[in-house]
Amino acid sequence: IAFLEKLYEASGTTTLGDDILMEQAKLYEQRGDKLNEKRTLAKLVRNHPYPSGHLWDEALLRLADLLVEEGEIEAAIAALERIVAEHETTTIIGSYTRTAMPVALYRIGLLYRDEARDLDRAEQAFDRFPRLFPDSTLADDVLYERGAMWLDAGDADRGCRHLRTLLDEYPVGRARRAGAARFES
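To start, this report covers the structure provided alongside it. (Residues numbered from 1 in each chain as written. Predicted model: local features only at pLDDT ≥ 70, side-chain atom pairs only at ≥ 80, totals over all residues. Heavy atoms only, no water.)

**Re the packing of aromatic side chains**
Remark: the centre distance and the inter-plane angle together describe each pair of aromatic rings, the angle taken between the planes. Stated precisely, the cut-off is as follows: For this analysis, a ring pair means two rings from Phe, Tyr or Trp (six-membered ring only for Trp) whose centres lie within 6.5 Å, classed as stacked if their planes differ by under 30 degrees, edge-to-face if by over 60, and tilted for the remaining angles.
Tallying each qualifying case throughout the model produces 2 aromatic pairs. Note on Tyr-50 and Trp-56: the rings are 5.8 Å apart at their centroids and 40° apart in plane angle, and the pair reads as tilted.

**Digging into the packing of helix α8 (residues 139-152) against helix α10 (residues 174-184)**
Condition: Throughout, an axis means a line fitted to C-alpha atoms (over the contacting stretch in the case of helices), and angles, computed between N-to-C directions, take values from 0 to 180 degrees. Secondary structure elements are taken from DSSP: a helix is a run of H or I of four residues or more, a strand is a run of E of two residues or more, and numbering for both begins at the N terminus. For classification purposes, angles smaller than 35 degrees are called roughly parallel, those larger than 145 roughly antiparallel, those between 65 and 115 roughly perpendicular, and all remaining angles oblique. The sense of a crossing depends on the near helix, which, turned anticlockwise from the far helix by less than a right angle, makes the crossing left-handed and, turned clockwise, makes it right-handed. Whether two residues touch is decided by their heavy atoms; if any such pair falls within 4.5 Å, the residues are in contact.
Remark: α8 packs on α10, axes separated minimally by 8 Å, with the N-to-C direction vectors making an angle of 25°. Our classification of the angle between α8 and α10 gives roughly parallel. Of the two possible hands of crossing, α8 and α10 adopt the one that is left-handed. When α8 is examined against α10, the residues Asp-140, Asp-141, Tyr-144, Ala-148, Leu-151 and Asp-152 are found in contact with a partner set consisting of Arg-174, Ala-175, Ala-178, Gly-179 and Arg-182.

**Notes on the nonpolar core**
Quick reminder of the rule: In this description, a nonpolar core means a group of buried Ala, Val, Leu, Ile, Met, Phe, Trp, Tyr and Cys residues linked to one another through side-chain atoms lying within 4.5 Å. Classification of residues uses two cut-offs on accessible area relative to the type maximum, computed with a 1.4 Å probe and protein chains only: under 20% is buried, over 50% is exposed, and between them is partly exposed.
Ranked by internal contacts, the top residues of the largest apolar core, which has 45 residues, are Leu-41, Leu-60, Leu-80, Ile-83, Leu-105, Ile-108 and Phe-129. Among the elements of the structure, α1 (2-11), α2 (17-31), α3 (34-47), α4 (56-69), α5 (73-85), α6 (100-115), α7 (119-132) and α8 are those that each provide at least two residues to this core. In this structure Leu-80 touches Leu-61, Ala-64, Ala-104, Arg-107, Ile-108 and Leu-111, once residues within four positions along its chain are discounted. Among the nonpolar cores identified, the runner-up in size contains 7 residues, and Ala-148, Leu-151, Leu-163 and Ala-175 belong to it.

Shown next as structure tokens:
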């Protein structure tokens, strides 16, 4: 850690800066030193922001995990929202969607549902997903979680509507199998 701190002082403003901080955070994680891991990740996010910081989103995902462990659900959601906020489309075919962006929005929905117990905000997060990330491999998972959420809340019409969409749009996959089982029951 001391070596990485000196290395960061010497070259932290270069493209190696966020790599150095991520390695330092991983060492803190291995030690079980969550406070310093969190501080190091926060420094990485602050000093090496998107789009130049290539580990920015990974740092925010891990930071969100640490915040959830501490019971800071709204702070974790805010960290994940920072990732989603960077999503943009291009004027040519394609987008600037990074792998962590749909993952972050999916986790936001789950956090609202499971940790904050706020089904309306979970629904809002799940509702944003197909608009922002229509081609994501998580799209079927979102439909399943959304449907299961409303079934568990006792709203069979709403839950089955989402599961029916899942079954109609996705012929295969884990989420489809789970959705079919819930829908049939």
